[in-house]
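Results of the structural survey
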Amino acid sequence: MIQRNTRRNGIVPAPTDAILESISDGVFTVDLEWRITSFNRAAEEITGMSRKEAIGRLCPEVFRSSMCEAECALRRTLKTGRPVIGRSGFIIDADGTRIPISVSTAVLRDAGGRVVGGAETFRDLSEVEALRRELEGKFRIGDLVSRSPAMRKAFEVLPAIAASPSTVLILGETGTGKELVARTIHSLSAQSKGPFVAVNCGALPDTLLESELFGYKAGAFTGATRDKPGRFAMARGGTLFLDEIGEVSPALQVRLLRVLQERTYEPLGATRSETTDARIIVATNKDLAEQTRKGAFREDLYYRVNVVRIELPPLRRRKEDIPFLVEQFVARFNRLQRKNVPGIAAEALSLLMAHDWPGNIRELENAIERAFILCNGGDIGIGHLPEELTAHGAAAGAHSDLRSSHEFLDARALRAALERNAFNRLAAAKELGIHKTTLFRRMKKLGISLPERDGRTRRARIR
């Protein structure tokens, strides 16, 4: 790779060699016997092997790649004459470290056009891989995925919460993923090898819920012909998740308080107490503090369950997660329904982003499931989405004859922003990142009218 320059009576690199020495990608060449004929500086740094050691040796002895045996990119190029671009793999360097790389190959020809060997370039992807892991660690914990600042706090405390044995209270609207958070805490905890048992306290009447939680003994009531273990017994060594605990009656709250305080309970018809070591996680969509003030929820039980609290924001406050969630649902329904829907059209995704999602993630999942039923090929479009997502925007667009999808979605987004800000146009304009005159102009163009009392009127009266 070095040639003499007679004008200066010294040794200088040829122009091509200088370029190869300056780039950050590793480059090596081989002859037709697979012996390395050149090895640049970056190749030395990435593989940990010097040029002097590498040149003259067989390629597999130097470039120990995951592709060497079955999927050798350079061998494929020499066989077909076609280059390989950006194939991913890894190599083992001189220290035995696994390094992720991407590989590109080409045929080497002499001046007469005859094939004399091959060239391979490889790029160290260690930093890219480290960044990917860092991003995954930041935005993914277990099955939870989020890029929302509103979810960042919950993500930051989940590992510490999982490591503790304390009771956890998860608050959030219906459909925000409270059970998924509970399962994530369980999977990260020391009880992860034990069972995860979930009970919806709002789905059963009090008498059935009591026997479901604590179990019963044979003869406890008519029809009880044999012992039945309750959920506290089934959750031993694991986690018991009590969803919608705000629906439990005051009488049953007393029994739950005893279990949380003393870790003992009595099955129906039993004469002796039983113990449980299950980790308790509870959840509700109600304001338990307000329920306590009203006397609908026991104060002592509230303080017992409110040891560690996680509040999940509604989907309307974390809309940046909608593309993430849609991607997850599309992948899952492709597996379940054995379809190959590639994704969602930009117009349909924009409509999803404009919706306020009172049913939160569960409503979004149902919308994508319905779209799968109607979508027989290609991306999910606006026509595949539920009518309740499109009807409001269509009504808003009737006055100005909104024929294009862009205007349709623009009207939907503007109206949603106005509603979120109690029709205060200045606040809505700030949320949308536009000047208020731009908002007025778009509203006029799209035929969006305001209620008789808007935010400006209310402010004037307050003053």
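From a predicted model like this one, the values you see are computed outputs, not experimental measurements.

Conventions we followed
- The numbering scheme is per chain: residues are counted from 1 as the chain's sequence reads.
- Confidence filtering applies because this is a predicted model: local features only for residues at pLDDT of at least 70, side-chain atom pairs given and counted only at 80 or more, and all residues used for totals across whole chains, interfaces and linings.
- With hydrogens and water excluded, all non-hydrogen atoms of the structure serve as input to the side-chain values.
- Only buried residues count toward a nonpolar core, which is a set of Ala, Val, Leu, Ile, Met, Phe, Trp, Tyr and Cys residues joined through side-chain atoms within 4.5 Å.
- Summary of the burial criterion: residues with accessible area below 20% of their type's maximum are buried, those above 50% are exposed, and those between are partly exposed, where the area comes from a 1.4 Å probe applied to protein chains only.
- The way it works is that DSSP assigns letters per residue, a run of H or I at least four long becomes a helix, a run of E at least two long becomes a strand, and they are numbered from the N terminus.
- Residue contacts are defined here by distance: any two heavy atoms, one from each residue, within 4.5 Å place the two residues in contact.
- Comment: arc refers to directions from the helix axis out to C-beta atoms.
- Pairs of N or O atoms within 3.5 Å make up the polar contacts considered here, provided that, within protein, one atom can donate a hydrogen while the other can accept it, and that residues adjacent in sequence are counted only when both atoms are side-chain atoms.
- In summary, the pairing rule links any two rings of Phe, Tyr or Trp, Trp by its six-membered ring, whose centres are within 6.5 Å, and it sorts them by plane angle into stacked for under 30 degrees, edge-to-face for over 60 and tilted for everything else.
- DSSP-based pairing: two strands are paired if at least 2 bridges between them are found.

Remarks on the nonpolar core
Ranked by internal contacts, the top residues of the largest apolar core, which has 29 residues, are Leu 213, Phe 214, Phe 232, Leu 240, Leu 242, Leu 256 and Ile 280. It is helix 11 (residues 250–262) that provides the largest number of residues to this core, a total of five residues. For Leu 256, the residues in contact, after removing those within four places along its chain, are Leu 213, Phe 214, Phe 232, Leu 242, Ile 245, Val 248 and Leu 301. With 23 residues, the next largest nonpolar core counts Val 330, Phe 333, Leu 352 and Trp 357 among its residues.

Description of helix 19 (residues 425–432)
Considered for burial, the residues of helix 19 that qualify are Arg 425, Ala 428 and Ala 429. Across the axial projection of helix 19, the buried residues extend over an arc of 100°, all falling on one side. At the N-terminal end of helix 19, a side-chain oxygen is found 3.2 Å from the backbone nitrogen of Leu 426, two or three residues along, and the residue is Asn 424. One or two positions beyond helix 19, positive phi appears at Gly 433, with a value near 75°.

Observations regarding the packing of aromatic side chains
A complete count under the given rule lists eleven aromatic pairs for this structure. Taking 5.8 Å as the distance between ring centres and 35° as the angle between the ring planes, the aromatic pair formed by Phe 232 and Tyr 265 counts as tilted. In this pair, Phe 232 is assigned in helix 10 (residues 231–234) and Tyr 265 in strand 15 (residues 264–265), connecting sequence segments 33 residues apart. Centre to centre, the rings of Tyr 302 and Tyr 303 are 5.3 Å apart; their planes meet at 55°, and the pair counts as tilted.

With respect to the environment of Arg 293
Tracing the sequence through the fold places Arg 293 in helix 12 (residues 288–294). Here Arg 293 falls in the exposed class, since its relative accessible area comes to 60%. Side chain to side chain, Arg 293 and Glu 290 meet in a polar contact 2.7 Å long.

Observations regarding the environment of Ile 245
Tracing the backbone through its elements, the reader meets Ile 245 in the loop between strand 14 (239–243) and helix 11. For Ile 245, a relative accessible area of 2% translates into the label buried. The sequence separation of Ile 245 and Leu 288 amounts to 43 residues, and the corresponding C-alpha distance is 9.3 Å. Leaving out residues up to four positions away in the same chain, Ile 245 has contacts with Cys 201, Leu 256, Val 282, Ala 283, Thr 284, Leu 288, Phe 297 and Val 305.

Concerning the pairing of strand 14
Of all five residues making up strand 14, five are buried, and the element is well covered by its neighbours. Residues Thr 239, Phe 241 and Asp 243 line one face of strand 14 and the alternating positions Leu 240 and Leu 242 line the opposite face, and both faces are buried. Pairing analysis gives five bridges linking strand 11 (residues 196–200) to strand 14, with the strands arranged parallel. Across the sheet, Val 197 pairs through a bridge with Leu 240, a residue of strand 14. Pairing between strand 14 and strand 17 (residues 279–284): four bridges, direction parallel. By the bridge assignment, Leu 240 is partnered in strand 17 with Ile 280.

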